Amino acid sequence: MVQKEMSDGIFNITKGSRRGLATKNLDPGAGVYGEKLVTIEGNEYRMWNPKRSKLAAMALKRMRIPIRHDSRVLYLGAASGTTVSHVSDMVPDGVVYAVEFSARTIRDLVQMCERRSNIVPILADATHPSSYAHIVGPVDVIFQDVAQPNQAKIAIINARRFLKNGGHLLLSIKARSVDTVASPDKIFKEEIRTLEADDVGFHVSNRQDLSPFHEDHMGVVAERKIVKE
Ligand SMILES: C[S@@+](CC[C@H](N)C(=O)[O-])C[C@H]1O[C@@H](n2cnc3c(N)ncnc32)[C@H](O)[C@@H]1O
């Protein structure tokens, strides 16, 4: 029976046949989407499948996940809340602003929020950050998984509005959403160039291909440079 913390709030667990990533359940006794629950030394963990989550794949690829127990996280592309629920576990003293533009998809997430008070569901388009600026304040981390053609641009406009100096962007880039024919490598380079060239001040500290968990996806960790006032 082993439980090792890989990064704040992300655990590597081995118990009998159960082995893999997990987060400590903020709502003990209840699962969210049918994931397995495992109890070790009185703590309940929710198993986290990297094939169902770009963020879990990034953690398994040993990318630094700069989310702390009290982080304020802006999550773009929340869908029904699979990964959002694990981020909620990771920030028991923080908050997750979960933005999703499909009313149908966000329904399950809204239901989950009745049991998890640190998630704020927002039905909005991430390309229009002004539409949720009255709800979201400055954040420590932006996680983005929107599968859209202009992924770097969406990250930039949100970072400009909400990301603190020194804050981090965790970005999943899906090559096929940018261009269905160009080589993924070329697309990733261009998206990263767009990020680094913008005067929002991003420094990309790590990038990793997310295969075999997600084909033609790249995980990116970037820091917004600290600007002295
Ligand atoms: C790949 S799925 C996200 C999966 C989710 N991150 C998870 O791991 O559980 C992409 C989601 O982004 C949403 N999306 C795409 N473009 C968006 C936009 N401009 N604003 C908000 N949500 C968007 C889609 O509706 C879809 O639910």
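As the structure is a prediction and not an experimental result, all values here were calculated from the model.

K.L.:
What is the right way to read the site of the ligand from this model?
P.N.:
Tyr75, Thr83, Glu100, Ala126 and Asp145 are the nearest of the 15 residues found near the ligand. Measuring from a nitrogen atom of the ligand, one finds a side-chain N or O atom of Gln148 at 3.0 Å. Isolated, the ligand exposes 610 Å² of accessible area, and the fraction of that covered by the protein chains is 84%. Its residues assigned to classes, the shell around the ligand shows six nonpolar, four polar and five charged.

K.L.:
It is not clear to me how the nonpolar core should be interpreted in this structure. Could you clarify?
P.N.:
In a soluble, globular protein the nonpolar side chains are often hidden away together inside. Of all hydrophobic cores here, the largest spans 35 residues; its most connected members are Leu74, Leu76, Tyr132, Leu195 and Phe202. The set of elements that each furnish at least two residues to this core consists of strand E6 (72-76), strand E7 (95-100), strand E9 (139-144), helix H4 (151-162), strand E10 (163-174), helix H6 (184-197), strand E11 (202-209) and strand E12 (217-224). By residue number, the principal contributor to this core is H4, which donates six residues. Not counting residues within four places of it along the chain, the set of residues in contact with Phe202 comprises Ile156, Ala159, Leu163, Leu169, Leu195, Glu196, Ala222, Glu223, Arg224 and Lys225. Membership of the second largest hydrophobic core comes to 30 residues, among which are Leu21, Trp48, Met90 and Met112.

K.L.:
Would you explain the sheet that holds E6 in this entry?
P.N.:
Sheet strands associate in pairs through backbone hydrogen bonding, adopting either a parallel or an antiparallel arrangement. On the basis of which strands lie adjacent, the open sheet formed by seven strands has the order E8-E7-E6-E9-E10-E12-E11 and mixed pairing. Only two strands of the sheet have a single neighbouring strand rather than two, namely strand E8 (119-123) and E11. In this sheet, neighbouring strand axes are inclined to one another by 15° on average, regardless of whether the strands run parallel or antiparallel. Note: E6 against E9, four bridges, orientation parallel.

K.L.:
Explain the domain arrangement of the protein chain here, please?
P.N.:
Many descriptions give the size of an interface as the accessible area lost when the pieces come together. As assigned here, the protein chain comprises domain 1 (2-49) and domain 2 (54-224). One C-alpha centre belongs to domain 1, the other to domain 2, and the line joining them spans 23 Å. At the junction of the two partners, domain 1 supplies 19 residues and domain 2 supplies 20 residues. Buried area between domain 1 and domain 2, both sides added, is near 1,700 Å², and the carbon and sulfur share of it is 61%. On the domain 1 side of the contact with domain 2, Asp8, Leu26 and Trp48 bury the most area, a combined 34% of that side's loss. The salt bridge involving Asp27 is made with Arg115; its shortest N-O contact spans 2.6 Å. The interface formed by domain 1 and domain 2 holds nine residue pairs in polar contact (both at pLDDT 80 or more) in total. Secondary-structure elements contributing two or more residues to the side of domain 1 that touches domain 2 are strand E1 (2-7), strand E3 (18-24) and strand E5 (43-47).

K.L.:
Would you mind going over the environment of Val146 with me for this structure?
P.N.:
Tracing the backbone through its elements, the reader meets Val146 in the loop between E9 and H4. For Val146, a relative accessible area of 19% gives the class buried. Each C-alpha atom of the pair Val146 and Glu35 lies 23 Å from the other, and the pair is 111 residues apart in sequence. Not counting the four nearest positions on each side in its chain, Val146 is found in contact with Leu76, Gly77, Gln151 and Ile154.

What counts, and at which threshold
Residues numbered from 1 in each chain as written. Predicted model: local features only at pLDDT ≥ 70, side-chain atom pairs only at ≥ 80, totals over all residues. Heavy atoms only, no water. Near = heavy atom within 4 Å. Polar contact = N/O pair within 3.5 Å; in protein donor to acceptor, adjacent residues only side chain to side chain. Areas by Shrake-Rupley, 256 points an atom, 1.4 Å probe, with all protein chains shown as cover. Nonpolar A, V, L, I, M, F, W, Y, C, P; charged D, E, K, R; others polar. Core = buried A, V, L, I, M, F, W, Y, C linked by side-chain atoms within 4.5 Å. Buried < 20%, exposed > 50% of the residue type's maximum accessible area, 1.4 Å probe, protein only. Helix = DSSP H or I, 4+ residues; strand = E, 2+ residues; numbered from the N terminus. Contact = heavy atoms within 4.5 Å. Pairing = 2+ DSSP bridges. Axes fitted to C-alpha atoms, helices over the stretch in contact; angles between N-to-C directions. Domains from an automatic or database assignment. Buried area = accessible area lost by both parts, 1.4 Å probe. Salt bridge = Lys/Arg side-chain N within 4 Å of Asp/Glu carboxyl O.

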